[in-house]
Amino acid sequence: MKLPNSALGAVKSQLALLGRAPTAADVVEALRRCGQVVSDAAIVQVQQVVAHDSVGAGPLDALIALPGVTDILVNGPDQIYIDRGDGLERADLVFGSDEEVRKLATRLAASVGRRLDEGSPFVDARLASGVRVHAILSTLASPGTCLSLRVPAGRRLAFDDWVRLGSLHPEAAELLRRVVERKRAFIISGGTGSGKTTLLAALVGAIDPGERVVVVEDSLELDPQHGHLVRLEARPANAEGAGLITMTDLVRQALRMRPDRIIVGEVRGGELCDLLRALNTGHEGGCATVHANSAVDVPARLEALAALGGLGREAAHAQIAAALSVVVHISRQGPRRLVREIGLFQRRPDGLVETQPAWTWDGAQPCHGPAFADLERILR
């Protein structure tokens, strides 16, 4: 008979005090101390669990392996949630204590050379498996040590997949193909988990394979199917505060690598200024994603990010108007992700940039907006 989770947690806590890998004799002694019946089945169960917890993501590996899982959220030892595309749901899994969660978080951070302790109580890193993990210790978080895992998609989605799944209208798919073919610079906007990166990968995959594409990311997530692709990843400082490589550093390096297209996975700060300068000096067809609630909000969001790079309002809008042509907005509607809008960046009489809708869709009948004729014109 298998041990219940509560008994298993107590036995694991006893073994954790050893400070070394437990032997079969150690397991027997721990079972006895916890008042459990010593049997071959119980010894094997404990050994398997201890071995499993020492590699990978431990008990969370079973959740990572579930079909369709995109996010795993651990709020202390007994609140674990997963997202399989239909919103958050409670997982049938608990840790024995907050100390177990902390040990797992510390081990995951250490596996990629990062530090997680009282002196550095939070960490954001990408594991060798491609899973992105954020951890914050219980000294700062309640109800305990928190883990947030972002699981990469199991397969790439091409244009045809987006259309087949009902997330991209065929007319929008054709417009976006032409945006890529005509080398029009564009921004994909949307909220967290809306599918921005996945859509960007599909668009980058549609670039002529004869072109050299250089991708710059804070953490490698974008994995397009393309024949000539170079991926650059930023790097945080180490425990001594050295070794920091920023997105701005990498965008500047990308310019020296003879790119036909520069792709920024997500603009979050001053690297936007370097991307805008690149797009304004002969590097056509570049693109990026940005967090925004709607296509209309994108110019204000870009203005704020450009300010982090030292650009004033007028200079930022002048650069945006000259560098970017199209904005594509995507959002979630229940389990579905919908490409809702394609708009154009256009300058107002006062010189500031605004987004004019060219094509919109709510999942039913698409509509042509006031900028549709201008969109057709730049895509001829």
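Remember, it's a predicted structure, so these values are computed and weren't measured experimentally.

Asks: Quick question: what am I supposed to make of the pattern of salt bridges here?
Replies: Side-chain pairs of opposite charge can arise whenever the charged atoms involved come near each other. Across all of its chains, the model carries 25 salt bridges by this definition. For Asp-218, the salt bridge identified is with Arg-132, shortest N-O distance 3.3 Å. Linking Asp-218 in the loop between strand 8 (213–217) and strand 9 (229–233) with Arg-132 in strand 5 (residues 132–136), this pair joins segments that are 86 residues apart in sequence. Owing to a relative accessible area of 12%, Arg-132 belongs among the buried residues under this scheme. Here Arg-258 makes a salt bridge to Asp-260, at a shortest N to O gap of 2.9 Å. Given a relative accessible area of 57%, Arg-258 falls into the exposed group. Put simply, Asp-124, Arg-132, Asp-218, Glu-221, Glu-266 and Arg-268 are held in one network by salt bridges that share partners.

Asks: Quick question: what am I supposed to make of the packing of helix 11 (residues 298–308) against helix 12 (residues 313–323) here?
Replies: Two packed helices can be described by the angle between their axes and the distance between those axes. Following both chains from N to C, one finds helix 11 and helix 12 inclined at 120°, their axes separated by 9 Å at the closest point. As summarised for this structure, helix 11 and helix 12 are arranged oblique, according to the angle between their axes. The handedness of the crossing between helix 11 and helix 12 is right-handed. Touching Leu-302, Glu-303 and Ala-306 of helix 11 are Arg-313, Ala-316, His-317 and Ile-320, all from helix 12. Counted by class, the contact of helix 11 with helix 12 contains 4 nonpolar, 1 polar and 2 charged residues.

Asks: Honestly, the side chain of Arg-261 in this entry has me stumped. Any pointers?
Replies: Among the structural elements, Arg-261 can be located in strand 10 (residues 261–264). With a relative accessible area of 2%, Arg-261 lands in the buried category. Within the local environment of Arg-261, its side chain forms a polar contact with the backbone oxygen of Val-180, the two atoms lying 2.8 Å apart. A distance of 3.3 Å separates a polar side-chain atom of Arg-261 from the backbone oxygen of Gly-285. Dropping the residues within four chain positions of it, Arg-261 is found in contact with Val-180, Lys-183, Ile-207, Glu-211, Arg-212, Val-213, Val-214, Glu-284 and Gly-285.

Asks: How should I be thinking about the sheet that holds strand 9 in this particular structure?
Replies: Across a sheet, paired strands are connected by hydrogen bonds in the backbone, their directions being either parallel or antiparallel. In space, the 9 strands of this open sheet follow the order 9-8-10-11-7-12-13-14-15, with mixed pairing throughout. Two strands bound the open sheet, and with one partner strand each, they are strand 9 and strand 15 (367–368).

Asks: Would you explain the environment of Val-28 in this entry?
Replies: Position of Val-28 among the secondary structure elements: in helix 2 (residues 24–33). Separated by 246 residues in sequence, Val-28 and Asp-274 place their C-alpha atoms 62 Å apart. When residues no more than four places from it in sequence are discounted, the contact partners of Val-28 are Val-38 and Ile-43.

Asks: I would appreciate a short explanation of the nonpolar core in the present structure.
Replies: Proteins that are soluble and globular tend to have nonpolar side chains buried together. In this structure, Phe-186, Val-326 and Leu-375 are the most contacted members of the largest nonpolar core, which totals 39 residues. Beyond its immediate sequence surroundings of up to four residues, Leu-375 is in contact with Leu-175, Val-326, Ile-342, Leu-344 and Ala-358. The next biggest cluster of nonpolar side chains, apart from the first, holds 36 residues, and it includes Leu-276, Ala-278, Ala-292 and Phe-345.

Asks: For this particular structure, what's the right way to read the sheet that holds strand 1 (residues 71–75)?
Replies: Read across the open sheet, the 6 strands follow the order 3-2-1-6-5-4; overall the sheet is antiparallel. The outermost strands of the open sheet, each flanked by one partner alone, are strand 3 (88–90) and strand 4 (122–126). Taking the axes of each pair of neighbouring strands and ignoring which way they run, one obtains an average angle of 15° across the sheet. Both strand 2 (residues 80–83) and strand 3 contribute to a ladder of 3 bridges, which runs antiparallel. Bridge pairing in strand 3 places Tyr-81 opposite Arg-90. Together, strand 1, strand 4, strand 5 and strand 6 (146–150) form the strand contacts of helix 5 (residues 98–111), whose direction differs from that of strand 6 by roughly 45°.

Asks: Can you walk me through helix 7 (residues 170–181) in this structure?
Replies: In an α-helix there are 3.6 residues to a turn, and that puts residues three or four apart on one side. An ideal rise of 1.5 Å per residue puts 16 Å on 12 residues; helix 7 measures up with 17 Å between its terminal C-alpha atoms. Within helix 7, the full set of buried residues consists of Ala-172, Ala-173, Leu-175, Leu-176, Arg-178, Val-179 and Val-180. Positive backbone phi, at 55°, marks Lys-183, one or two positions downstream of helix 7.

Asks: Would you explain the pairing of strand 14 (residues 353–360) in this entry?
Replies: Two faces belong to every sheet, and in a regular strand the side chains alternate between them. Judged from the 7 bridges that link them, strand 13 (residues 336–347) and strand 14 form a sheet pairing that is antiparallel. Its bridge partner being in strand 14, Glu-341 is matched across the sheet by Thr-360. Following strand 13, the chain reverses through 5 residues before pairing antiparallel with strand 14; Gly-351 in that reversal takes a positive phi of roughly 95°. Relative to strand 15, strand 14 runs antiparallel, the two sharing 2 bridges.

Asks: Teacher, can you tell me more about the environment of Thr-281 here?
Replies: If you trace the backbone, Thr-281 turns up in the loop between helix 10 (271–279) and strand 11 (287–291). In this structure Thr-281 comes out as exposed when scored by relative accessible area, which is 56%. Between the alpha carbons of Thr-281 and Ala-323 there is a distance of 8.9 Å; along the sequence they are 42 residues apart. Reaching out from Thr-281, the side chain makes a polar contact with the backbone oxygen of Arg-277 at a distance of 2.8 Å.

What counts and how
Residues numbered from 1 in each chain as written. Predicted model: local features only at pLDDT ≥ 70, side-chain atom pairs only at ≥ 80, totals over all residues. Heavy atoms only, no water. Salt bridge = Lys/Arg side-chain N within 4 Å of Asp/Glu carboxyl O. Helix = DSSP H or I, 4+ residues; strand = E, 2+ residues; numbered from the N terminus. Buried < 20%, exposed > 50% of the residue type's maximum accessible area, 1.4 Å probe, protein only. Axes fitted to C-alpha atoms, helices over the stretch in contact; angles between N-to-C directions. Parallel < 35°, antiparallel > 145°, perpendicular 65-115°, else oblique. Left-handed = near helix turned anticlockwise from the far one by under 90°. Contact = heavy atoms within 4.5 Å. Nonpolar A, V, L, I, M, F, W, Y, C, P; charged D, E, K, R; others polar. Polar contact = N/O pair within 3.5 Å; in protein donor to acceptor, adjacent residues only side chain to side chain. Pairing = 2+ DSSP bridges. Core = buried A, V, L, I, M, F, W, Y, C linked by side-chain atoms within 4.5 Å. Expected span 1.5 Å × (residues − 1).

Keep in mind these values describe shape, not function.
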